[in-house]
Amino acid sequence: MARTIDKQKTSAILSSAADVFLERGYERTSIDLVAQAAGVARRTVYNQFESKEALFSAVTEHVWGQFRLDEAIRVNGDPAERLTAIAKAIVAFWMDSKAIAFLRLVIAEGDRFPDLASTFFDSGKQPVFRMLVAELVHLRKRGALAFPDEELAAKQLIGLLNEPLMWPRLLRLDGPPTRQRRAAVISAAVSTFLAAYGRN
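It should be emphasised that the depicted structure is a prediction, and the values quoted were computed from it without experimental measurement. (Residues numbered from 1 in each chain as written. Predicted model: local features only at pLDDT ≥ 70, side-chain atom pairs only at ≥ 80, totals over all residues. Heavy atoms only, no water.)

A.B. asks: I'd like a rundown of the nonpolar core, residues and numbers included.
C.D. replies: Counting residues in hydrophobic clusters, the biggest one holds 62 residues, and the most contacted among them are Leu-55, Val-59, Trp-94 and Leu-136. The contacts of Leu-136, once residues within four sequence positions are left out, are Leu-83, Leu-145, Phe-147, Glu-150, Ala-153, Ala-154 and Phe-193. (Core = buried A, V, L, I, M, F, W, Y, C linked by side-chain atoms within 4.5 Å. Buried < 20%, exposed > 50% of the residue type's maximum accessible area, 1.4 Å probe, protein only. Contact = heavy atoms within 4.5 Å.)

Printed below as a string of structure tokens:
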């Protein structure tokens, strides 16, 4: 875990570390290489992160920190408008080529380093997922949605978006979707979700 330090310096180190992990892979990345890429003394990095594993966990949090779901759930409006804002945040995150590349890294090196997947999930995806579940529960309490399993509902909403937009990019079957394609998928996803779980 990173110690209390200058936030700007920490962000620069984590950004450089992400680039090194993506360029060289997990196994061939070292604290020394990260320090060199960040333009800081190796001791600076060692003082902040106790190990490469801790650094990777912090990088995971840094990458997932670009997920603006917290901003989306503050949007006022009816359920369709709120769900649309959430859907846009999900799609926008995976439009970032670094997020896609980072997921590829975790998948590619998962057999040799099984802890990478759990780190990716626990330090990155899980906090965002819990935020989404909490928002769906909030909408249910308001009487806007009705579903028996909030985690399943959250996964279904994500699937309606990621299946047509994120997975083809992840597998290099397609390039970044156009703005029109993203808008069409988001609209269809929200309509489908509300058809299943919306309450008039």
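A.B. asks: How would you sum up the side chain of Lys-52? Please name residues and give values.
C.D. replies: For Lys-52, the location among the structural elements is in helix 4 (residues 52-64). For Lys-52, which is buried and forms no salt bridge, the nearest opposite charge comes from Glu-53, at a distance of 6.4 Å. Among the polar contacts made by the side chain of Lys-52, one reaches the main-chain carbonyl oxygen of Tyr-26 at a distance of 2.8 Å. Sequence-distant contacts of Lys-52, that is, excluding residues within four places in its chain, are made with Phe-21, Tyr-26, Glu-27, Thr-29 and Ile-31. (Helix = DSSP H or I, 4+ residues; strand = E, 2+ residues; numbered from the N terminus. Lys, Arg positive; Asp, Glu negative; His and termini not counted. Salt bridge = Lys/Arg side-chain N within 4 Å of Asp/Glu carboxyl O. Polar contact = N/O pair within 3.5 Å; in protein donor to acceptor, adjacent residues only side chain to side chain.)

A.B. asks: Quick one: what's the story with a nonpolar patch on the surface, residue by residue and with numbers?
C.D. replies: A surface patch of nonpolar side chains, about 340 Å² in accessible area, is lined by Trp-167, Leu-171 and Leu-173. As for its position among the elements, Trp-167 is in helix 9 (residues 150-170). (Patch = residues over 30% accessible without salt bridge, like charges linked within 9 Å, V, L, I, M, F, W, Y side chains within 5 Å. Areas by Shrake-Rupley, 256 points an atom, 1.4 Å probe, with all protein chains shown as cover.)

A.B. asks: Mind laying out the side chain of Arg-169, listing which residues take part and the relevant values?
C.D. replies: Among the structural elements, Arg-169 can be located in helix 9. Buried charged residue Arg-169 carries no salt bridge. Nearest counter-charge: Asp-96, at 7.2 Å.

A.B. asks: Describe unusual backbone geometry, with residues and values.
C.D. replies: Although it is not a glycine, Arg-172 adopts a positive phi angle of roughly 60°. Inspection of the secondary structure puts Arg-172 in the loop between helix 9 and helix 10 (179-197). With a relative accessible area of 63%, Arg-172 lands in the exposed category.

A.B. asks: Got a sec to walk through the environment of Gln-126? Specific residues and values, please.
C.D. replies: In this fold, Gln-126 is placed in helix 8 (residues 115-141). Taking the relative accessible area as the measure of exposure, Gln-126 reaches 23% and is therefore partly exposed. Linking Gln-126 and Leu-55, residues 71 residues apart in sequence, is a C-alpha distance of 18 Å.

A.B. asks: Quick one: what's the story with the packing of helix 4 against helix 8, residue by residue and with numbers?
C.D. replies: The N-to-C vectors of helix 4 and helix 8 enclose an angle of 35°; their axes lie 9 Å apart at closest approach. The two elements helix 4 and helix 8 cross, and the hand of that crossing is right-handed. Contacts between helix 4 and helix 8 involve Phe-56, Ser-57, Thr-60, Glu-61 and Trp-64 from the former and Leu-116, Thr-119, Phe-120, Ser-123, Gly-124, Lys-125 and Val-128 from the latter. Class assignment of the residues belonging to the contact of helix 4 with helix 8 gives a composition of five nonpolar, five polar and two charged. (Axes fitted to C-alpha atoms, helices over the stretch in contact; angles between N-to-C directions. Left-handed = near helix turned anticlockwise from the far one by under 90°. Nonpolar A, V, L, I, M, F, W, Y, C, P; charged D, E, K, R; others polar.)

A.B. asks: Describe in detail helix 9, supporting the description with residues and values.
C.D. replies: In the structure, helix 9 departs most strongly from a straight axis at Asn-162, where the bend amounts to approximately 60° and where the proline Pro-164 lies between one and four residues downstream. Here helix 9 has its buried residues at Ala-153, Ala-154, Leu-157, Ile-158, Leu-161, Asn-162, Leu-165, Met-166, Pro-168, Arg-169 and Leu-170. Its side-chain oxygen placed 3.1 Å from the backbone nitrogen of Glu-151, Asp-149 serves as the N-cap of helix 9. Arg-172 lies just past helix 9 and shows a positive phi near 60°. (Bend = angle between axes of the 7 residues up to and from the residue.)

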